[in-house]
Amino acid sequence: MIQITFPDGRVQAYENGTTALQIAQSISESLARNVLAAEVNQEVWDATRPISHDATLHLLTWEQLQGKSTLWHSAAHLMAEALEALYPGIQFWVGPPVEQGFYYDVDLNGHTLTPDNFAAIEAKMLDLARQNNPYQRIEKSKTEAVDYFTEKNDPYKLDLLQRLNDGEITFYKQGQFTDLCKGPHIPHTGFIKAVKLMNVAGAYWKGDENNKMLTRIYGIAFTKEKDLKAYLHMLEEAKKRDHRKLGKELELFTFSEKVGMGLPLWLPKGAMLRERLIQFMQRAQLKAGYVPVATPHIAHKDLYVCSGHYEKYGSDAFKPILTPHEGEAFYLKPMNCPHHCEIYKALPRSYKDLPVRLAEFGTVYRYEQHGELHGLTRVRGFTQDDAHLFVRPDQVKEEFCKVIDLVLYVFKALKLNDYTAQISLRDPEQPGKYIGSDENWNLAEASIIASAAEKGLKTVVELGEAAFYGPKLDFMVRDAIGRKWQLGTIQVDYNLPERFELEYTGSDNQKHRPVMIHRAPFGSLERFIALLIEHCGGQFPLWLSPEQYAILPISEKYNAYAYEVAAALETEDLRGFIDDRNEKIGKKIRDQEVRKVPFMLVVGEKEHAQQQVSVREHGRGDIGTMSITEFSAHIKKLIAQDLN
RNA sequence: GCCGAAGUAGCUCAGCUGGUAGAGCAGCUGAUUUGUAAUCAGCUGGUCGGGGGUUCGAGUCCCUUCUUCGGCUCCA
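Everything quoted here is computed from the prediction, not taken from an experiment.

Asker: Is there a simple way to explain the protein's contact with RNA strand B in this structure?
Answerer: Taken together, 58 residues lie around RNA strand B, and Met261, His370, Arg483, Asn582 and Glu607 are the ones closest in. When atoms of RNA strand B within 4 Å of the protein are sorted by moiety, sugar and phosphate together comprise 50%. Interatomic distance of 2.8 Å between a side-chain N/O atom of Tyr204 and a base nitrogen of RNA strand B. Contact between RNA strand B and Ser555: a base oxygen at 3.4 Å from a side-chain N or O atom of the residue. If you list the elements that add at least two residues to the surface near RNA strand B, you get β14 (194-204), β15 (213-222), α8 (243-249), α18 (585-594), α19 (605-610) and β34 (612-617). Grouping the constituent residues of the surface near RNA strand B by class yields 20 nonpolar, 15 polar and 23 charged.

Listed below in structure tokens is the structure:
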């Protein structure tokens, strides 16, 4: 007998070799019908795998992430089975579950596959699914496995096998398809009731562009047809929030082939939004003791040789600009830090001066590969809300904490609650990748971890994600399609002060080296605004909204009064406009509603007589009449709430 | 850069197997002077992304190029 401990702490004895599925059946038939896998001693197992020792057991259904992942992984195998049936001779690399479904990388060996083929593959998958074929786990010795794939002439699986040890090799078989796989899988294919292939894409074998390109087929599967419908609907909704679509509709920004790809052009409304963000940040920074500086867009090659960026990124950068006669090389600046180092150096610094906090909204240019460009989130020219803090080593942690405060203040004002904080540390396996002493790195990493903990941030630690010059803390946010992007970043740097030989005079009258902290709460303004657009679906916080109100005269007779109202509100420092088109009020309301203008002020006979405005709130409708001063007070109160 | 898909009016899209470009919205002009999500009528607007080719004839077929979109370690 074995002792099974359930999540609620209950312990029950079962016969040795009982499976999770049988245990589920002993509890209830309906539970058993939903069990996809089981967590046995924290490890996800097939629900049909016999348990031969005491264990904690957590039954996994569609409700648990691991349950879903298991189903998706099994669906990947199902897709492989369908593909193999439809395209004989194709070979498989890997087919894991991902956040939204699964994919399988295949070598089509001459077959071609386009989205037009999806329907046939999906139909085949469902056909196979209905056979309720069990996923059978088969343990093999390494020799058996190697023999199997040698006979199949499968270089991909043989490559995978190379890295596996004897005794840990398992195959999974369902229907006609057998795959090298560590599992786990769902009990049988019948759990898969709905499938949808999402797209095909090329993917280099092992992600290395020198290798052959395989075909990656993405799909998703569900246990209910209804869930698939809901998922597709959710995708449609997400598309509506896409910043590229809203940016066009709300006239925020555009791109021009003549100007060049990846170089955004800000239209007046987008520029207004940008200005507001900049102003907001400048105020916050002034309060936090930053001083603004300004630097040019290009710099001599020597600057980047000194900073080390030339060596590191020289080949990936734009080509240098040469002076016509002397042939001296200048580069568009890819970052602001080297310039700021020179500003630090321009004056003698005492320990009493530190921290020195130099801030600049610096526009930088970076070469991004053609295929990497994406709306405003990945561009070739963008503006950072950059600042560099030059601090004494004993100030690192305190300053780091202050920066976190600033980032959190910004995120809160913009209602970005759904972020993750990622601490990026060195990859212990590649020490050669990094510049700087071990001692400094250890110090910096410890400071970041301590600061994040002190500020109560929920963090994820990623080894190997650090920059070559120092560890960092990044704030990541998802876009409408679920992709993760880095927004704010705080990075400790012991390298640049060394390279630029930065110094300050200590209380001991000796020269000391400061530590640098790079930080950008927005990161790139372009990317930040993109994510902001998607998060609020184009409905910006009132204080940011390019147009806060629209005045809608009932007819041309009341235009004059509309202008009076506009003039009054302008002196109150509010932004708006008059819709004095020769249209009916319903049309005007509709149009401004579509344009997501936060407030509409309807003015006609009655309002004019009483010196009032009829206020409509976007998405809410009529909220009653008030005087102009009442309205302006109302708006200001709402703005104050946002910013505090 | 590489794999795949797409590019038709300012925007959203239609245009079957090649026969000489069309709708709605926007814009312009006029009528209307309007009370809380689309007033009516008329008009303008496109070398169908660019270049080349096949053909009597190309938005449609072929080649090439540019741009956009989805991917390109989320490693059994």
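Asker: Any chance you could explain the sheet that holds strand β20 (residues 321-322) here in plain terms?
Answerer: Strand pairing in a sheet relies on backbone hydrogen bonds. The paired strands run either parallel or antiparallel. Here 3 strands make up an open sheet; going across it, the order is β19-β21-β20 and the pairing antiparallel. Where the open sheet ends on each side, the last strands, each with one partner, are β19 (298-300) and β20. One ladder, built from 3 bridges, connects β19 with strand β21 (residues 329-332); its direction is antiparallel. Counted as the bridge partner of Ala299 is Tyr331 from β21.

Asker: Sorry if this is basic, but what is going on with a negative patch on the surface here?
Answerer: On the surface, Glu144, Asp147, Glu151, Asp166 and Glu168 cluster together into a negatively charged patch. Its place among the elements puts Asp166 in the loop between α6 (155-162) and β12 (169-174).

Asker: Help me understand a nonpolar patch on the surface in this model?
Answerer: A cluster of nonpolar residues, Ile298, Ile321 and Leu332, forms a patch on the protein surface that exposes about 210 Å² of accessible area. Along the chain, the position of Ile298 falls in strand β19. Judged by its relative accessible area of 35%, Ile298 falls in the partly exposed class.

Asker: Honestly, the confidence of the model for chain A in this entry has me stumped. Any pointers?
Answerer: Interpretation of this model should avoid reading the predicted coordinates in detail wherever pLDDT is low. Scored by pLDDT, chain A has a mean of 90; 99% of the residues are at 70 or more. Interface predicted TM-score (ipTM) for the complex: 0.90; the corresponding pTM is 0.88.

Asker: It is not clear to me how the packing of helix α17 (residues 559-571) against helix α20 (residues 628-643) should be interpreted in this structure. Could you clarify?
Answerer: Packing of α17 against α20 leaves a shortest axis separation of 10 Å and a crossing angle of 45°. Judged on the interaxial angle alone, α20 and α17 are oblique. Where α17 crosses over α20, the two elements pack in a sense that is right-handed. Between α17 and α20, the contacting residues are Tyr561, Val565, Ala568 and Leu569 on the first element and Ile628, Phe631 and Ser632 on the second. Taken together, the residues of the contact of α17 with α20 break down into 6 nonpolar, 1 polar and no charged.

Asker: Sorry, what's going on with the nonpolar core here?
Answerer: Here is a general trend for soluble globular proteins: nonpolar side chains tend to be buried in one another's company. Ranked by size, the top nonpolar core spans 76 residues in total, and within it Leu414, Leu473, Phe528 and Phe631 carry the most contacts. Looking at which element gives the most residues to this core, the answer is helix α13 (residues 396-413), with 9 residues. Mapping this core onto the domain boundaries places at least three of its residues in each of domain 3 (290-530) and domain 4 (549-643). When residues no more than four places from it in sequence are discounted, the contact partners of Leu473 are Phe400, Ile404, Ala421, Gln422, Ile423, Ile448, Leu457, Thr459, Gly488, Thr489 and Ile490. Core analysis: the second largest hydrophobic core is formed by 40 residues, Ala76, Ile90, Phe191 and Ile217 among them.

Asker: How should I be thinking about the pairing of strand β1 (residues 2-5) in this particular structure?
Answerer: Residues in a regular strand project their side chains so that they alternate between the two faces of the sheet. Only one face of β1 is covered, namely the one carrying Ile2 and Ile4; the face carrying Gln3 and Thr5 has none of its residues buried. Bridging between β1 and strand β2 (residues 11-14) involves 4 bridges; their strand directions are antiparallel. From the neighbouring strand, Ile2 faces β2, where its bridge partner is Tyr14. The turn joining β1 and β2, which pair antiparallel and follow one another in sequence, is formed by 5 residues; a positive phi near 95° is taken by Gly9. Here β1 pairs with strand β7 (residues 55-60) via 2 bridges, running parallel. When the bridges of β7 are listed, Ile4 appears paired with Ala55.

Analysis parameters
Residues numbered from 1 in each chain as written. Chains lettered and ligands numbered in written order. Predicted model: local features only at pLDDT ≥ 70, side-chain atom pairs only at ≥ 80, totals over all residues. Heavy atoms only, no water. Near = heavy atom within 4 Å. Polar contact = N/O pair within 3.5 Å; in protein donor to acceptor, adjacent residues only side chain to side chain. Helix = DSSP H or I, 4+ residues; strand = E, 2+ residues; numbered from the N terminus. Nonpolar A, V, L, I, M, F, W, Y, C, P; charged D, E, K, R; others polar. Pairing = 2+ DSSP bridges. Patch = residues over 30% accessible without salt bridge, like charges linked within 9 Å, V, L, I, M, F, W, Y side chains within 5 Å. Areas by Shrake-Rupley, 256 points an atom, 1.4 Å probe, with all protein chains shown as cover. Salt bridge = Lys/Arg side-chain N within 4 Å of Asp/Glu carboxyl O. Lys, Arg positive; Asp, Glu negative; His and termini not counted. Charge placed at Lys NZ, Arg CZ, Asp CG, Glu CD. Buried < 20%, exposed > 50% of the residue type's maximum accessible area, 1.4 Å probe, protein only. pLDDT = per-residue confidence, 0-100. Axes fitted to C-alpha atoms, helices over the stretch in contact; angles between N-to-C directions. Parallel < 35°, antiparallel > 145°, perpendicular 65-115°, else oblique. Left-handed = near helix turned anticlockwise from the far one by under 90°. Contact = heavy atoms within 4.5 Å. Core = buried A, V, L, I, M, F, W, Y, C linked by side-chain atoms within 4.5 Å. Domains from an automatic or database assignment.

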